[in-house]
Amino acid sequence: MKQFYKRFLNDGKKYPRQLLLMVCAVMISVLPAMSQTGKTIRGTVTDEKREPLPGVSVTVVGTNAGAMTDAKGQYTLNVPGANATVRFSFVGYLSKDVIVGAGNVINANLVPDAKQLKDVVVIGYGTASKRDVTGSITTLKSEEFNVGATTTPAELLQGKVAGLNITKSGDPNAAPSVILRGPSTFRSGAAEPFYVIDGVPGASIDVLAPSDIETIDVLKDASSTAIYGSRAANGVIIVTTKRSKSGQSHLSYNAYATMQEVSKKIDMLTGDELRKYLADNGVAPLAKPLDDNGANTNWQNLVERKGYSQNHNLSYNGASNSADYGASVNYFKNEGVLKRTALERTIYRGYVNQRFFDNRLKLSLNLTNSNTNSDDIYQNYVLPAMLFYLPTVSPFNPDGTYKENYQRTGSGTLNPLSLLNNNTIKSNDNKTLINGIVQVDILRGLKFTLSGSQQRDQYNYNTYLNSQSGLAVGLNGVARRSAYLNTNNIVESYFNYDRDFGRHSLKLLAGYSYQQNRTNDGFGVQSQNFSNDNLTYNNLFLSNPASVSQIVFDNSPISTLRLISYYGRAQYQFDDKYLVQASLRDDGSSAFGANHRYGLFPAASVGWRIISEDFMQKLPVFSDLKLRAGYGVSGNSLGFDAFTSLLIYGTQTNNGTSSKFLSNGNITNAIGPVRNDNPNLKWESTATTNIGLDFGLFKNRITGSIDYYIKKTSDLIYTDYPVSLTQYFVPTITANAGNISNKGIEVVLNATAVKAGSFTWKTSVNVSHNKNVVESLSKGQFNLPLFYTAQLGGKGQSGNFSQVVLPGQPIGTFYLWHYMGKNANGVSTYQNAAGNTIATQPLTTDQRVAGNAQPTVIYGWTNTFYYKNFDLNFLIRGVAGNKILNATLANLNNPADAKLQNIPRFTLGESYKDINAYLISDRFLESGSYVRLDNATLGYTIKPKITAIKSIRLYLSGNNLFVITKYKGIDPEVNLGGVTPGIDNNNYYPKTRTFLFGLNASF
């Protein structure tokens, strides 16, 4: 053989042409043999609707050969031979194996995997099928979100989740109030749910653009939330962002433009109507020209405007067999309906997930940056001034300056346009969230996850009151600048073990968490007296304060909080019928007293999938039926700094004036204790019992759930418990004492009401009822029978409170004078504590409980219609059973002061002699019930026959199209958060009606 090759090579050198012919002959003879051992196949893969399915993995079993289907579902693949097996696989579909055989074309039709496609719920440090969940959890997908110019993702849930009450004004810079299953704390800023974004606990919801969110899971009961321990008493909202699917690339552009206008104004008198009212009542004409220059000025029209908003979101996502990646940019600008109020936000987001060693090692990196610029005004001055200020005065003097009368008394003494334009508030909030994840599949079913994240929040706040400002008369400009950095570092490490053993299924979780939150790293300073207004708040060194006292520094100490936690959870399932879950979290926080740094938060729940029992086969009307029950304890440590439980020193005051002493010939502020320490201070604890029933009827044509809960919060924290000065430095202390209960029921019903041919109608209703009661305000040595809130002010009422926190009553209980009508002289009368009717201003001891701000029913009704390429969706939502204190109308209803300020048309029915008409009483306690057509959207989807374009959807939408209510104020959707809910007091930013045109394009 060697001699043959040697001769062959030598002959090839002598006879190259003959060698070439020989090689060709050999190749020709070999090709038929090769055709028997290898060939190329092609085909198309479709889904259950026989539509092309892009991104399907097509592989040769036992080899590394593979391909992906393109946008048309087509593929081409080289296979070893006719005996090879080709596997078609795609996420959410059953894999399909086909033997190649003699043909060259192999088409495949994939069907959904019912097991994989069942709704997946994020439960904290893991996921579960909705059918296996034993707690109360609601999941919303992106296609179910509300449509509109949303400034924060929380608005996407409004009216969609039973038991979740979200209220928002028209202010583009104000966050909505979010209350889940009733209020359970006395502390402002501590009633919001806890947010988790892509596994990062405590992340700011403002770092996300709504277009980047895939799903939102709302965990309601403690058996679901207790895994997050001391921060989960108000519920947990878990946000999952969009990710690429294996083998697919996706480019999308979503945009909309809106026009917003004030939906309702308070009907104030014109200048001529006010003059006539005064003349009819024998009042001397207004002083000319200072209070009356013949004008008919509508101050609301001058302050308000039509606001225009726009939103653009461009995103790209791609994936291969071993990685997925994506990036997006979102630009949002929202002009408020009050001039000089606006929000402008840009969000950049990127992620990459890489898999190694046959997917046993996964590395992920996520980065999001949100930059928000806000313009605002001094709303607490502008909002009342645009109502109170005399309409008989024109805005400007002949020289173009604003017309003012600083000597005028009463309410609304400053020119609204001057307040608007001579004062500037600008802020910048830059948030960055970075998160890295390492995930290792150690053994079959055993997985380890390590994640580290940091959120940086740089907040800059700037104001300038110029030399013409009525808020800083004679000060030649007042500037303030502040800059603060907040950082939040988190490390999470946990093991997941997930195995099936025949009829048994077991899931285990064990983990450790470390968090450090540093706030107020920065400073703020205010100065005054500038030579001109050109530089506004820039370059504070150009100010010329007359004394050191005119330079004011912020009192915001740096605070560092640390949280260390250990947690575990076990889930067991037998025979797809019986479900058990238990969890335990041990939280340690530096915010609390030395004697209570750690706390345990246990939870347990069970479920019975009744539908899996044999006897249910005789009831074919049921397609799903599950009974679940759970109990757990979660905590509330939100709203605390590192010094809450410690003895704090500061500048001491005496009746509001700083105490001073003489030191080395200098007058110095007195320094001493200003807050008592409390080594026993701990978090509030909320124990929830939840019983629920999930059901499906007629092959899940109708689905729903019913939940009943009892939610009891103990160890309530209040900051002003009175204590003896013989034992403490300061007469009040922050301590745990008191209990609150919330009991309620939630009903959700979903149905595909009609499905015939090209027409489909889907409807969803959620209704919830909650009863809130303050059970106690005392515990041990800390005793408090009640405390008053809502000091609203108003003429002659500066020391009055309008609400009370009282055992046996809910938070938001109104405490008011009782109105008894008019006497013979047309003067408002009231009932005093002795039961007598009086025509003079009552005393504070004459106040009584007069209703509450908590709604008894909250509901939402969503309907979606599909016809061919058209879709129509509308949402109706509302509340019932609550009261609103219309303090705005009370303050305006002052006929005796009509010579100093404007009055509403409502007051024309009052006697000019009624000197008590303005008093805040139960006369102005109105029904807060309403029904609102919150959103209606009509869309049309185009699917061009162009490979590069998947779909284009155009839509028109309207928000707040109408509201049915008896409330006389601007809008009945007032803030229901905090300890003073349900009050409209000259501070309500007008609600808007919005019209929107949008575009969704996928490529």
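Before any of the text, the structure's been laid out above.
Residues numbered from 1 in each chain as written. Predicted model: local features only at pLDDT ≥ 70, side-chain atom pairs only at ≥ 80, totals over all residues. Heavy atoms only, no water.

Points about the sheet that holds strand 7 (residues 108-109)
Threshold: Being paired, for any two strands, means DSSP has found at least two bridges between them. Every helix listed is a DSSP run of H or I at least four residues long, and every strand listed is a run of E at least two residues long, numbered separately from the N terminus.
If you trace the three strands from one edge of the open sheet to the other, you get 4-1-7, paired in mixed fashion. On the outer flanks of this sheet lie strand 4 (74-79) and strand 7, each paired with one strand and no other. Strand direction decides the pairing type here: strand 1 (residues 39-46) and strand 4, joined by six bridges, are antiparallel. Paired with Lys39 across the two strands is Val79, which belongs to strand 4.

Considering the pairing of strand 24 (residues 478-501)
One ladder, built from 20 bridges, connects strand 23 (residues 446-465) with strand 24; its direction is antiparallel. When the sheet's bridge partners are listed, Leu446 is paired in strand 24 with Tyr497. Inspection of the sheet shows strand 24 paired to strand 25 (residues 504-528) by 23 bridges, in the antiparallel sense. Following the sheet pairing, Arg481 is matched in strand 25 by Val525. Taking the residues between adjacent antiparallel strands as the criterion, strand 24 and strand 25 are bridged by two residues, where Gly502 takes a positive phi near 65°.

Some thoughts on the sheet that holds strand 52 (residues 883-886)
With mixed pairing, three strands are arranged side by side in an open sheet as 53-52-56. Each of the sheet's edge strands pairs with one partner strand only, and the pair in question is strand 53 (925-927) and strand 56 (983-984). Judged from the three bridges that link them, strand 52 and strand 53 form a sheet pairing that is antiparallel. Bridge pairing in strand 53 links Ile884 to Glu926.

Concerning a nonpolar patch on the surface
Rule in force here: Patch definition: residues with relative accessible area over 30% and no salt bridge; like charges joined within 9 Å; nonpolar side chains (Val, Leu, Ile, Met, Phe, Trp, Tyr) joined within 5 Å. Method for areas: the Shrake-Rupley scheme with a 1.4 Å probe, in which residue coverage is limited to the protein chains shown. Should a side-chain nitrogen of Lys or Arg be within 4 Å of a carboxyl oxygen of Asp or Glu, the pair is scored as a salt bridge. Residue burial is assigned from relative accessible area. The probe radius is 1.4 Å, only protein chains are included, and a residue is buried under 20% of its type maximum, exposed over 50%, and partly exposed in between.
A cluster of nonpolar residues, Tyr578, Trp608, Phe615, Leu627, Ile691, Ile706, Tyr708, Ile745, Val747 and Val767, forms a patch on the protein surface that exposes about 810 Å² of accessible area. Counting through the fold element by element, Trp608 comes out in strand 29 (residues 598-609). On the basis of relative accessible area, Trp608 is assigned to the partly exposed category, the value being 32%.

Observations concerning the environment of Gln841
Worth spelling out the cut-off: Only heavy atoms matter for contacts: two residues are in contact if any of them lie within 4.5 Å across the pair. Under this definition, polar contacts are N or O atom pairs within 3.5 Å; protein pairs additionally need one hydrogen-donor-capable and one acceptor-capable atom, and for neighbouring residues in sequence, both atoms have to be side-chain atoms.
Here Gln841 lies in the loop between strand 48 (837-838) and strand 49 (848-852). When near neighbours in sequence (up to four residues on either side) are disregarded, Gln841 contacts Gly796, Gln797, Trp817, Asn916, Tyr918 and Leu919. For Gln841, the side chain forms a polar contact with the main-chain oxygen of Gly796, separated by 3.1 Å.

Structural notes on the nonpolar core
Rules: By nonpolar core we mean a set of buried residues, namely Ala, Val, Leu, Ile, Met, Phe, Trp, Tyr and Cys, connected to one another through side-chain atoms within 4.5 Å.
By size, the foremost hydrophobic cluster in this structure holds 26 residues, and its most contacted members are Leu338 and Met386. Every element with two or more residues in this core is listed here: helix 6 (299-303), helix 7 (379-388) and helix 8 (416-421). It is helix 7 that provides the largest number of residues to this core, a total of six residues. In this structure Leu338 touches Val303, Glu304, Arg305, Ile377, Leu383, Met386, Tyr989 and Pro990, once residues within four positions along its chain are discounted.

Notes on a positive patch on the surface
This is how the line gets drawn: Neither His nor the chain termini are counted; the positive set is Lys and Arg, and the negative set is Asp and Glu. A single reference atom marks each charge: NZ on Lys, CZ on Arg, CG on Asp, CD on Glu.
Together, Lys49, Arg701, Lys755, Lys762 and Lys943 make up a region of like positive charge exposed at the surface. Within the fold, Lys49 resides in the loop between strand 1 and strand 2 (57-60). Using a relative accessible area of 61% as the deciding quantity, one classes Lys49 as exposed.

Details of helix 7
Helical geometry: 3.6 residues make up each α-helical turn, so side chains three or four residues apart lie on a common side. The buried count for helix 7 comes to eight of 10 residues, which makes it a mostly enclosed element. All buried positions along helix 7 are accounted for by Gln379, Val382, Leu383, Pro384, Ala385, Met386, Leu387 and Phe388. Each element contacted by the buried residues of helix 7 is listed here: helix 6, strand 21 (361-376), helix 8 and helix 9 (887-892).

A short note on unusual backbone geometry
The step from Lys288 to Pro289 runs through a cis peptide bond, and the omega angle for that step is -5°. As for its placement among the helices and strands, Pro289 is situated in the loop between helix 5 (271-280) and helix 6. Unusually for a residue other than glycine, Asn529 sits at a positive phi of about 70°. For Asn529, the location among the structural elements is in the loop between strand 25 and strand 26 (552-553). One non-glycine residue with positive phi stands out, namely Phe698, at about 55°.

Remarks on the side chain of Ser543
Looking at where Ser543 falls in the secondary structure, it is placed in the loop between strand 25 and strand 26. There is a polar contact of 2.8 Å between the side chain of Ser543 and the backbone oxygen of Leu540. In this structure Ser543 touches Ser527, Gln528, Asn529 and Phe530, once residues within four positions along its chain are discounted.

A closer look at the environment of Tyr348
Tracing the backbone shows Tyr348 in strand 20 (residues 342-356). Residue Tyr348 is classed as partly exposed on the basis of its relative accessible area, which comes to 49%. In the structure, Tyr348 is positioned 145 residues away from Ala203 in sequence and 16 Å away in space, judged by C-alpha atoms. Not counting the four nearest positions on each side in its chain, Tyr348 is found in contact with Ser328, Val329, Leu367, Thr368 and Asn369.

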